[in-house]
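Observations on chain architecture
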Amino acid sequence: MSLENADALSSPSESPLPPAILRSLGDRSYDKRKNAALEIEALIKALQENNDTDRICSVIAMLGQDFATSTNANHRKGGLIGLAATAIGLMHDIRLYLDALLPPVLHCLDDPESRVRYYSCESLYNIAKVARGHILRYFNQIFDGLCKLFADVDIDVKNGANLLDRLIKDVVTESESFDVERFIPLLQKYIRRSNPYIRQLLVGWITVLDSVPDINMLDWLPDFLDGLFNMLSDSNREIRQAADSAIAGFLNEIKKSPLINVTTKNVLTVSRPLPG
């Protein structure tokens with residue numbers, strides 16, 4: 001810990017963060033913002049050791065309210081990297097602070113500045129990497145964000161979204177408590193969207209969820225099958241192939257299943273056949 005953080009820890013002022021860190025956090029230089037974030041990470045670890053939850057909450061509140069929602073883009077970037085640093089500093093105790101950490105990060109996914117959206121995606125990635133399964137109670141909000149990021153016009157944001165998507169998929173597949181029933185209405189909301197990137201995201205998630213042993217996507221097939229069939233006429237060949245593969249996989253599961261839901265059979269009967 002730096003001497004600056006030691007002073008901040010022993011004799012807190014009105015601000016939960018030292019003035020030097022605040023200045024660097026809102027600087028136009030990425031390196032200065034990064035260094036400030038490292039200082040915040042060290043400070044949070046020290047506060048954790050002292051069980052100073054009030055101070056930790058004050059730091060998170062300042063980063064979320066004074067920085068991440070600032071009218072200054074550099075301050076928003078600083079707030080986002082600061083929140084990510086806080087998550088890393090909290091480590092296994094992050095679950096206690098997710099309600100405060102996530103809202104400002106998710107809010108910035110809609111930011112008019114592409115770099116702020118990118119840093120928001122990066123911050124969300126780092127928070128999820130630390131929180132792992134604890135992040136799943138916010139899954140629908142995160143998935144909403146992923147749909148926005150996948151449809152983004154900025155290539156860096158799209159690339160960041162792909163990394164975040166892979167991480168969240170890993171978290172879901174290793175979890176034993178994913179709430180499919182809560183997710184299905186959101187899947188229905190997006191399944192008829194024509195944006196090719198959102199369609200790729202949806203087919204990927206349907207396929208991943210179907211591969212999880214404790215999740216039976218056949219139970220929910222009538223809720224999204226028509227959407228998959230609509231994708232078979234997409235102008236993008238990869239989307240057509242992905243949808244075709246997903247439907248073929250469900251048909252194969254139905255053939256092997258000793259108990260088939262009557263509703264599922266009816267939907268398959270009235271839907272048009274796969275293209276030869």
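What counts, and at which threshold
Numbering of residues begins from 1 in every chain and follows the order in which that chain's sequence is written. Since the coordinates come from a predicted model, pLDDT governs what is reported: local features require at least 70, and pairs of side-chain atoms require 80 or more to be given and counted, while whole-chain, interface and lining totals use all residues. Processing note: side-chain calculations cover all non-hydrogen atoms of the structure and skip hydrogens and water entirely. UniProt positions are given in the numbering used here, feature names are shortened, and annotations may be inferred rather than shown by experiment. Numbering of helices and strands runs from the N terminus; a helix is a DSSP stretch of H or I covering at least four residues, while a strand is a stretch of E covering at least two. Only Phe, Tyr and Trp rings are paired, with Trp represented by its six-membered ring, and only when their centres lie within 6.5 Å; those with planes under 30 degrees apart are stacked, over 60 edge-to-face, the remainder tilted. Exposure categories follow from relative accessible area, calculated using a 1.4 Å probe and restricted to protein chains: below 20% of the type maximum is buried, above 50% is exposed, and the middle band is partly exposed. By the criterion adopted, a ring carries a charge over it if an Arg CZ or a Lys NZ lies within 6 Å of its centre and within 35 degrees of its normal. Just to be clear on terms, a salt bridge is a Lys or Arg side-chain nitrogen sitting within 4 Å of an Asp or Glu carboxyl oxygen. Charged residues are defined narrowly, with Lys and Arg counted positive, Asp and Glu counted negative, and His plus the chain ends left uncounted. Only heavy atoms matter for contacts: two residues are in contact if any of them lie within 4.5 Å across the pair. For this analysis, a nonpolar core means a set of buried residues of the types Ala, Val, Leu, Ile, Met, Phe, Trp, Tyr and Cys, connected via side-chain atoms within 4.5 Å.

As recorded in UniProt, the feature "repeat: HEAT" (unreviewed entry) lies at residues 101-137. Helix makes up 68% of residues 101-137 and strand makes up 0%, while its end C-alpha atoms are separated by 14 Å.

As a further point, take the packing of aromatic side chains. Enumeration over the complete set of coordinates arrives at 11 aromatic pairs. A ring pair is formed by Phe-143 and Trp-205, whose centres lie 6.0 Å apart and whose planes are at 80°; its orientation type is edge-to-face. One end of the pair, Phe-143, is in helix 8 (residues 139-150); the other, Trp-205, is in helix 11 (residues 196-211), with 62 residues separating them in the sequence. Judged by relative accessible area, Trp-205 falls into the buried class, the value being 1%. For the pair Phe-224 and Phe-250, a centre-to-centre distance of 5.8 Å together with 55° between the ring planes defines the contact as tilted. In this pair, Phe-224 sits in helix 12 (residues 221-231) while Phe-250 sits in helix 13 (residues 237-256), placing the two residues 26 residues apart along the sequence. Taken together, the ring pairs in this structure connect Phe-139, Phe-143, Phe-178, Phe-183, Tyr-190 and Trp-205 into an aromatic cluster. Just above the ring of Tyr-119 sits the side chain of Arg-115; from NZ or CZ to the centre is 5.4 Å. The ring of Tyr-197 carries Lys-158 above its face, with NZ or CZ at 3.5 Å from the centroid.

On inspection of all chains with the given rule, the structure shows 11 salt bridges. For Asp-110, the salt bridge goes to Lys-148, with nearest N and O atoms at 3.1 Å. Here Lys-148 lies in helix 8 and Asp-110 lies in the loop between helix 6 (98-107) and helix 7 (114-131), a separation of 38 residues in the sequence. Owing to a relative accessible area of 37%, Lys-148 belongs among the partly exposed residues under this scheme. One salt bridge in this structure joins Arg-117 and Asp-152, with 2.6 Å as the shortest N-O distance. Taken together, the positions of Arg-117 in helix 7 and Asp-152 in the loop between helix 8 and helix 9 (155-174) put the pair 35 residues apart, joining distant regions of the chain. Asp-152 shares its class with Arg-117; the two are buried.

This paragraph deals with the side chain of Asp-210. By secondary structure assignment, the location of Asp-210 is in helix 11. Buried Asp-210, no salt bridge; nearest opposite-charge side chain is Lys-256, N-O distance 11 Å. Among all residues touching Asp-210, those that are not within four sequence positions of it are Met-217, Phe-250 and Glu-253.

Moving on to the environment of Asp-226. Note that Asp-226 resides in helix 12. For the pair Asp-226 and Arg-192, spaced 34 residues apart in sequence, the C-alpha to C-alpha distance is 8.6 Å.

This part covers the nonpolar core. A general trend in soluble globular proteins is that nonpolar side chains are found buried together. In terms of nonpolar packing, the biggest core is built from 88 residues, with Ile-135 and Phe-143 touching the most fellow members. In this structure, Ile-135 is in contact with Leu-98, Leu-102, Ile-127, Ala-128, Ile-142 and Val-171, ignoring residues within four places of it in sequence.

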